[in-house]
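Single-letter residue listing:
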Amino acid sequence: MLAPVPLLFDQCSMRLITAPLTGSMLAASVYAVKGFYPQWFQAIAFMEEGLLFLAGLIAGIRLPDIDLLLPGFSHRSGITHSCGFAALFVALGFDAIAGGLAIGIALHLSSDMQPKAWTGGALVKLPWFGSIGMLSPLWLLLNIAGCFWILLSMLPAIEGIGRWAVMTVGLLGGIWYFFYEEKKRVLPLITLGFCLLLVHQYRDGRLNVEVVVQYFV
Ligand SMILES: [Zn+2]
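Presented here is an overview of the structure given in this document. Since the structure is predicted, the reported quantities are computational estimates derived from the model, not experimental observations.

Along its length, the protein carries 9 helices and 2 strands. Reading the protein from its N terminus to its C terminus gives the helix and strand order α-α-α-α-α-β-β-α-α-α-α. Compactness check: the protein gives a C-alpha radius of gyration of 19 Å against a globular reference of 17 Å for 217 residues, within 12% of the reference. Seen through its C-alpha atoms, the protein measures out along the principal axes to roughly 65 × 65 × 35 Å. Each of the 217 residues in the protein was classed as buried or not, and the buried ones make up 35%.

See the structure below:
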């Protein structure tokens, strides 16, 4: 009898690779059709932003845990568990992908807010510095807020039907996530709501350092 072939990656690790890969392939397909078959692209042009946003969302949901597979990274690396990937795509000018990544990463980080205990693998680690201990939940909160900041910054730049497509994809993505992926929904949903409100109030000018200081002093 043949000995079983050892698996290089288990099923869980595979999803960490396949999800970002699927997102990248979807984005690449959109750009390929746009570049090589402009006539065909006319037919799906109205979906461009929605599809790119979806590509970012698919990739973003699993991307933070890619640290499990990267050599030299400890789990809950502060580099991957951050809004950094989304900010990078903003800097590169891919706003729709950045928005999708932002919401995907925000969903992931909101789930990471409820570990069994704030010890060991649940704590965020920064390069050179190591574990940031009990600042980990604050790190996650700030980065979820960063994701929403990116999301709310890119939305006005998308016009007409594209904006509706993006918002629909984002909403359906969130519903799918809390229906199939995350069964303990209360704390992640409160966290997301709190961060969205915080960013919204800050952007509206209703929340600033002075207001916070006045509240406490
Ligand atoms: Zn994680």
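Next, the rest of the story.
Attention now moves to the packing of helix H4 (residues 84–91) against helix H5 (residues 95–111). The interhelical angle for the contact between H4 and H5, taken along N-to-C directions, is 170 degrees, at an axis separation of 8 Å. Compared by their axis directions, H4 and H5 come out roughly antiparallel. On H5, the residues that touch Phe85, Ala86, Phe89 and Val90 of H4 are Asp95, Ile97, Ala98, Leu101, Ala102 and Ile105.

Our next topic: unusual backbone geometry. The backbone of Arg76 shows a phi angle near 60 degrees, a positive value even though the residue is not glycine. Owing to 24 C-beta atoms within 10 Å, Arg76 belongs among the buried residues under this scheme. You will see that Trp128, though not glycine, has its phi angle at about 65 degrees, which is positive.

Rules used in this analysis
Residues numbered from 1 in each chain as written. Predicted model: local features only at pLDDT ≥ 70, side-chain atom pairs only at ≥ 80, totals over all residues. Helix = DSSP H or I, 4+ residues; strand = E, 2+ residues; numbered from the N terminus. Rg over C-alpha atoms; globule rule 2.2 N^0.38 Å. Buried ≥ 20, exposed ≤ 12 C-beta atoms within 10 Å, placed from the backbone. Axes fitted to C-alpha atoms, helices over the stretch in contact; angles between N-to-C directions. Parallel < 35°, antiparallel > 145°, perpendicular 65-115°, else oblique. Contact = placed C-beta atoms within 7 Å.

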